[in-house]
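# Chain and residue survey
Listed below, chain by chain, are the residues.
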Amino acid sequence: MDLAVQCLSRALRGAEGLYDAALGLRGGDRGEGFGQVAGGLRREGQTAERLVAIRRDARAGVSNRTLQRKYGVGFRTVKAAMASVWPEPRKQLPPRKTRLDAFKPVIDQMLRADLDAPRKQRHTVKRIFDRLVDEHGAVEVTYPMVRAYVADRRPQIRIEAGRGPLNAFIPQTHMPGAEAEVDFGDVTIRLAGEQVKVYLFAMRMSYSGKAVHRIFASCGQEAFFEGHVHALSVLGGVPTGKVRYDNLRAAVARVLGLSRARVENERWTAFRSHYVHVPVSSRSLSTASVTSTAA
């Protein structure tokens, strides 16, 4: 029994020594070094709030060592907090090598050949995997590896060949008070313990994001008009540019054939003439061009 205890004690001391050696520590510096390692491990989880707290305490005169112990971070983290508002971006590691790397050019060649092939003759993932095994001896390659690579690589090859949509965005800019957006749709609320379907009118200014909402019991034209009156009264004026509508059924009398041109409802034309001057001339009523007049 005593021999087993001694062996266990020696094993623990050996593991402790290896731990200290790995951290490059000596004796009493273990606590500080552990804080540095823990801070490094938590680098990914650092937030701007933690850096703000570190800077605040540092300006109050708290020492670097105390900050490390208080927040469980290392010297470098404290130094980075004093140098920048945002955490340092995590260093991107190079991609790991896989057993599929040697066969990726072969798969790319198959996918490029599919660009001009009839739809029913294009390579499926199963067909690609079978060809790799039968024709190229890829016995160590698994089907999930091929499936994941093809799912990522196929749209990239289409884009490289100019046949696929690019990942892009169109920045939107709005002048103050120039544009607004209107939506009028149904929502479900709990009223007196029961779920009730009501209709929400929302007008939002595109530049500031200020929005006005109002709930109605119906989606009739009267509610649609009243929502406009309420919103423009709260906002204190009329947008000087455009008002975009997501749902403008209350303003449309009929749709003209295949051209999809809209004929405005007379009541809507009379209503908006109180606020706007230029009539809607676009093909659809998704955008209503207006010029400002006093409400």
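When helices and strands are counted, the protein chain shows ten helices and seven strands. Burial status across the protein chain gives 29% buried among its 295 residues. Nonlocal contacts in the protein chain, meaning residues at least 24 apart in sequence, comprise 51% of its contacts between residues at least 6 apart. Accessible surface computed for the protein chain: about 20400 Å², of which carbon and sulfur atoms make up 55%.

Our next topic: unusual backbone geometry. In this model, Ala 192 sits at a positive phi of 55°, which is unusual for a non-glycine residue. Relative to the elements of secondary structure, Ala 192 occurs in the loop between β1 (179-191) and β2 (194-205).

Taking 1.5 Å as the rise per residue, helix α8 (residues 143-160) with 18 residues should run 26 Å; its terminal C-alpha atoms sit 25 Å apart, in good agreement. Largest kink in α8: about 30°, centred on Arg 153, with the proline Pro 155 one to four residues after it. Count one or two residues on from α8 and you reach Gly 162, which has phi positive near 75°.

Before going further, it helps to spend a moment on the pairing of strand β3 (residues 211-216). Two elements, β2 and β3, share six bridges in a ladder whose sense is antiparallel. Note that in β3 the partner of Arg 204 across the bridge is Ala 211. As consecutive antiparallel partners, β2 and β3 are separated by five residues, and within that stretch Gly 209 has a phi angle of approximately 80°, a positive value.

Right, let's talk about the pattern of salt bridges for a bit. Under the criterion given, the structure shown has 13 salt bridges. Note that Arg 153 and Asp 108 form a salt bridge whose closest N and O atoms lie 3.2 Å from each other. Taken together, the residues Arg 153 in helix α8 and Asp 108 in helix α6 (residues 104-113) connect sequence positions 45 residues apart. Note on accessibility: Arg 153 and Asp 108 belong to one class, buried. Here Glu 160 makes a salt bridge to Arg 153, at a shortest N to O gap of 3.1 Å. Salt bridges linked by common partners bring Asp 108, Arg 112, Arg 153 and Glu 160 together as one network.

Taken N-terminus to C-terminus, the directions of helix α3 (residues 48-59) and helix α5 (residues 75-83) make an angle of 85°; their axes are 9 Å apart at the nearest point. The angle between α3 and α5 falls in the class roughly perpendicular. Mapping the contact onto sequence places Leu 51, Ile 54, Arg 55 and Ala 58 in α3 and Val 78, Ala 81 and Met 82 in α5. Among the residues making up the contact of α3 with α5, the classes are represented as six nonpolar, no polar and one charged.

A separate point is the packing of aromatic side chains. Enumeration according to the criterion identifies twelve aromatic pairs in this entry. An angle of 85° between the planes, with centres 6.3 Å apart, marks the rings of Phe 184 and Phe 216 as edge-to-face. Here Phe 216 lies in strand β3 and Phe 184 lies in strand β1, a separation of 32 residues in the sequence. Just as Phe 184 is buried, Phe 216 falls in that class too. In textbook terms, an aromatic cluster arises when at least three aromatic residues are bridged by ring pairs, as seen for Phe 184, Phe 201, Phe 216, Phe 224, Phe 225, Tyr 245, Trp 268 and Phe 271.

How each quantity is defined
Residues numbered from 1 in each chain as written. Predicted model: local features only at pLDDT ≥ 70, side-chain atom pairs only at ≥ 80, totals over all residues. Heavy atoms only, no water. Helix = DSSP H or I, 4+ residues; strand = E, 2+ residues; numbered from the N terminus. Buried < 20%, exposed > 50% of the residue type's maximum accessible area, 1.4 Å probe, protein only. Contact = heavy atoms within 4.5 Å. Areas by Shrake-Rupley, 256 points an atom, 1.4 Å probe, with all protein chains shown as cover. Expected span 1.5 Å × (residues − 1). Bend = angle between axes of the 7 residues up to and from the residue. Pairing = 2+ DSSP bridges. Salt bridge = Lys/Arg side-chain N within 4 Å of Asp/Glu carboxyl O. Axes fitted to C-alpha atoms, helices over the stretch in contact; angles between N-to-C directions. Parallel < 35°, antiparallel > 145°, perpendicular 65-115°, else oblique. Nonpolar A, V, L, I, M, F, W, Y, C, P; charged D, E, K, R; others polar. Phe/Tyr/Trp six-rings, centres within 6.5 Å; stacked < 30°, edge-to-face > 60°.

Read these as spatial facts, not as claims about activity.
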